[in-house]
Amino acid sequence: MPAPERFRRLLLEAQSEGRLPSVSAAVFRGGEVVWDAAVGLADVEEGVQATTGSQYAIASITKTFTAASVLQLRDAGKLDLEDPLARHIPEAAHGAPTLRRMLSHASGLQREPPGEVWESLRFPGEEELLETFAEAEQVLPPSTAWHYSNLAYALLGHVVSHVSGTPYHEYVREQVLEP
């Protein structure tokens, strides 16, 4: 079976087995796209077909960028993983969790920022996040159990900004994606 047909079959299998509305993929060789395709619906409600130009929300993939950024700053000697959050964001309520615990989902902080972020799809900026952080619950004592926390990672993103002196999106672009 020629490669493009095989790739498309694999793409369709991934969509079916993953029960995904759509899947996009590409094959690169020598920095050039040699094959790309998309299958399924990019917007199920509107019936919009996926294309190779469809843009998707990246959601938790940003956690990888955040963790890499924190570790870069650690390697540069600008922070330590045992630092409490308050060392880098003094105004933060619940400032005791260490960066290590936050990175490993062991801070005990609640899953989401305070408010109805998933209902409204409006996520707080830094100022609002820090203002409402006092309302967040410490649902478990630190390091007692794994507890997924988007809130902890949002705060880590702000640590990256504070420590680097660069807005998070610029830091990630310049220090993670471009290199």
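Here the structure is a predicted model, which means the values were calculated and not measured. (Residues numbered from 1 in each chain as written. Predicted model: local features only at pLDDT ≥ 70, side-chain atom pairs only at ≥ 80, totals over all residues. Heavy atoms only, no water.)

*Asks:* Tell me about the pattern of salt bridges, and name the residues and values.
*Replies:* This model, assessed by the stated rule, comprises seven salt bridges. For Arg9, the salt bridge identified is with Glu13, shortest N-O distance 2.8 Å. Here Arg9 and its partner Glu13 are both found in helix 1 (residues 3-18), four residues apart, which amounts to about one turn of the helix. A salt bridge links Glu178 to Arg173; the shortest N-O distance between them is 3.4 Å. Ionic contacts of the salt-bridge type, sharing partners, join the residues Arg173, Glu174 and Glu178 into one network. (Salt bridge = Lys/Arg side-chain N within 4 Å of Asp/Glu carboxyl O. Helix = DSSP H or I, 4+ residues; strand = E, 2+ residues; numbered from the N terminus.)

*Asks:* For the sheet that holds strand 1 (residues 22-29), give the residues involved together with the corresponding values.
*Replies:* Sheets are built from strands paired through backbone hydrogen bonds, the pairs being either parallel or antiparallel. The sheet built from three strands is open, its strands ordered 1-2-3 with antiparallel pairing. Two strands bound the open sheet, and with one partner strand each, they are strand 1 and strand 3 (48-49). When strand 1 meets strand 2 (residues 32-43), the two strands line up antiparallel, connected through eight bridges. Across the sheet, Phe28 pairs through a bridge with Val33, a residue of strand 2. (Pairing = 2+ DSSP bridges.)

*Asks:* Pulling in residues and values, what's your account of the packing of aromatic side chains?
*Replies:* Think of a pair of aromatic rings as described by two things: how far the centres are apart, and how the planes are tilted against each other in angle. Inspection of the entire model under this criterion finds two aromatic pairs. With centroids separated by 5.2 Å and ring planes inclined at 55°, the aromatic side chains of Phe7 and Trp35 adopt a geometry described as tilted. Here the residue Phe7 occupies a position in helix 1, and Trp35 occupies one in strand 2, the gap between them amounting to 28 residues. An angle of 55° between the planes, with centres 6.0 Å apart, marks the rings of Trp146 and Tyr148 as tilted. (Phe/Tyr/Trp six-rings, centres within 6.5 Å; stacked < 30°, edge-to-face > 60°.)

*Asks:* Explain unusual backbone geometry to me, using residue names and the numbers behind them.
*Replies:* Of note, the phi angle at Arg19 is positive, near 55°, even though the residue is not glycine. Looking at the secondary structure, you find Arg19 in the loop between helix 1 and strand 1. Under the relative-accessibility criterion, Arg19 is labelled exposed at 77%. Here His105, not a glycine, exhibits a phi torsion of approximately 55°, which is positive. (Buried < 20%, exposed > 50% of the residue type's maximum accessible area, 1.4 Å probe, protein only.)

*Asks:* Could you give me a rundown of the packing of helix 2 (residues 61-75) against helix 8 (residues 168-177), with the residues and numbers involved?
*Replies:* Direction vectors running N to C along helix 2 and helix 8 enclose 75°, while the axes themselves pass 10 Å from each other. Relative to helix 8, the element helix 2 lies roughly perpendicular. Where helix 2 abuts helix 8, its residues Thr62, Phe65, Thr66, Ser69, Gln72 and Leu73 lie against Tyr168, Tyr171, Val172, Gln175, Val176 and Leu177. Its residues assigned to classes, the contact of helix 2 with helix 8 shows seven nonpolar, five polar and no charged. (Axes fitted to C-alpha atoms, helices over the stretch in contact; angles between N-to-C directions. Parallel < 35°, antiparallel > 145°, perpendicular 65-115°, else oblique. Contact = heavy atoms within 4.5 Å. Nonpolar A, V, L, I, M, F, W, Y, C, P; charged D, E, K, R; others polar.)

*Asks:* Account for helix 7 (residues 150-164), with residues named and values stated.
*Replies:* Over its 15 residues, helix 7 runs 21 Å from end to end, which matches the ideal 21 Å to within 8%, given 1.5 Å per residue. A large share of helix 7 lies buried, amounting to 13 of its 15 residues. (Expected span 1.5 Å × (residues − 1).)

*Asks:* I'd like a rundown of the side chain of Gln15, residues and numbers included.
*Replies:* The topology assignment puts Gln15 in helix 1. Note on Gln15: relative accessible area 17%, which makes it buried. Of the polar contacts made by the side chain of Gln15, one reaches the backbone oxygen of Pro21; its length is 3.1 Å. (Polar contact = N/O pair within 3.5 Å; in protein donor to acceptor, adjacent residues only side chain to side chain.)

*Asks:* Talk me through a nonpolar patch on the surface; I want residue IDs and the actual numbers.
*Replies:* Among the surface-exposed residues, Trp118, Leu121 and Phe123 lie close enough to one another that they form a single nonpolar patch of about 360 Å² accessible area. Locating Trp118 in the fold gives a position in helix 5 (residues 117-120). (Patch = residues over 30% accessible without salt bridge, like charges linked within 9 Å, V, L, I, M, F, W, Y side chains within 5 Å. Areas by Shrake-Rupley, 256 points an atom, 1.4 Å probe, with all protein chains shown as cover.)

*Asks:* Lay out the pairing of strand 2 with the relevant residues and their values.
*Replies:* Bridge count between strand 2 and strand 3: two bridges; the pairing is antiparallel. The partner of Leu41 across the bridge, within strand 3, is Gln49. Counting the residues that bridge the hairpin from strand 2 to strand 3 gives four residues, and of these Gly47 lies at a positive phi of roughly 70°.

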